[in-house]
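One-letter residues, chain by chain:
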Amino acid sequence: MELKAKLLEIFPTQQVSGSFKKREFVVEFAENPQYPEYVKFEAIQDKCDLLDSFKPNQMVNVSFNLKGRKWTDAQGQVKYFNSLQAWKITPESAGQNAPKASGNTPPPLSANDEPDWLNSDDSDVLPF
């Protein structure tokens, strides 16, 4: 999927575990300018560096995958989590500043795309 939006905020990289890191950022997406949406994305592993060349208020194209997870806590209660994982960020070219969402083919997944906690037997620990 792809989203054209204004970059609002870029957060520092977080080292979640010894082998997993992520970096979050927020964009303003406005199909209807009266009601803008503020959407938080995450970049993981080597994709954290994608944000180094961008600044707030810059128009960008964000290519991302929609991820969903099922997790069972220690009491047996099932919870669901969603995330938007960015895998490509490019500056928006001049004259095309209208936010737009569209389909796109995601890159192939690699072993480093999944955090360690997904394969853990430690079911009483939240994944964040």
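Only a predicted model underlies this, so the values are computations on that prediction, with no experimental measurement involved. (Residues numbered from 1 in each chain as written. Predicted model: local features only at pLDDT ≥ 70, side-chain atom pairs only at ≥ 80, totals over all residues. Heavy atoms only, no water.)

Visitor: Can you walk me through the overall build of the protein in this structure?
Guide: Of regular secondary structure, the protein possesses zero helices and seven strands. Sequence-ordered secondary structure for the protein, helices as α and strands as β, is β-β-β-β-β-β-β. Taking all 128 residues of the protein together, 32% fall into the buried category. Taking as baseline every contact in the protein between residues at least 6 positions apart, the subset at least 24 positions apart corresponds to 57%. (Helix = DSSP H or I, 4+ residues; strand = E, 2+ residues; numbered from the N terminus. Buried < 20%, exposed > 50% of the residue type's maximum accessible area, 1.4 Å probe, protein only. Contact = heavy atoms within 4.5 Å.)

Visitor: I keep staring at the nonpolar core and nothing clicks. Help me out?
Guide: Grouped burial of nonpolar side chains is what soluble globular proteins tend to show. Counting 16 residues, the largest nonpolar core has Leu3, Phe25, Val27, Phe41, Val60 and Val62 as the members making the most contacts within it. Of all elements in the fold, only β1 (2–10), β3 (20–29), β4 (37–44), β5 (59–72) and β6 (78–91) reach the threshold of two or more residues within this core. If we ignore the near neighbours within four places in the chain, the residues touching Val27 are Leu3, Ala5, Lys6, Leu7, Leu8, Glu37, Tyr38, Val39, Phe41, Val60 and Val62. (Core = buried A, V, L, I, M, F, W, Y, C linked by side-chain atoms within 4.5 Å.)

Visitor: Please clarify how the packing of aromatic side chains should be interpreted in this entry.
Guide: Any pair of aromatic rings gets described here by the distance separating the centres and the angle formed by the planes. In this structure the tally under the stated criterion is three aromatic pairs. Put simply, the rings of Phe25, Phe41 and Phe64 touch in pairs and so form one group of aromatic residues. (Phe/Tyr/Trp six-rings, centres within 6.5 Å; stacked < 30°, edge-to-face > 60°.)

Visitor: What am I meant to see in the pairing of β5 here?
Guide: Here β1 pairs with β5 via five bridges, running antiparallel. Note on β5: the bridge partner recorded for Lys4 is Asn61. Here 13 bridges tie β5 to β6, and the two strands are oriented antiparallel to one another. From the neighbouring strand, Asn61 faces β6, where its bridge partner is Thr90. The loop that links β5 with its antiparallel partner β6 comprises five residues; one of these, Gly76, has a positive phi angle of about 85°. (Pairing = 2+ DSSP bridges.)

Visitor: Help me understand the confidence of the model for the protein in this model?
Guide: This prediction gives the protein a mean pLDDT of 84; 73% of its residues lie at or above 70. Considering only residues more than four positions removed or in separate chains, one finds that residues 94–104, a stretch of pLDDT under 50, has 21 contacts. (pLDDT = per-residue confidence, 0-100.)

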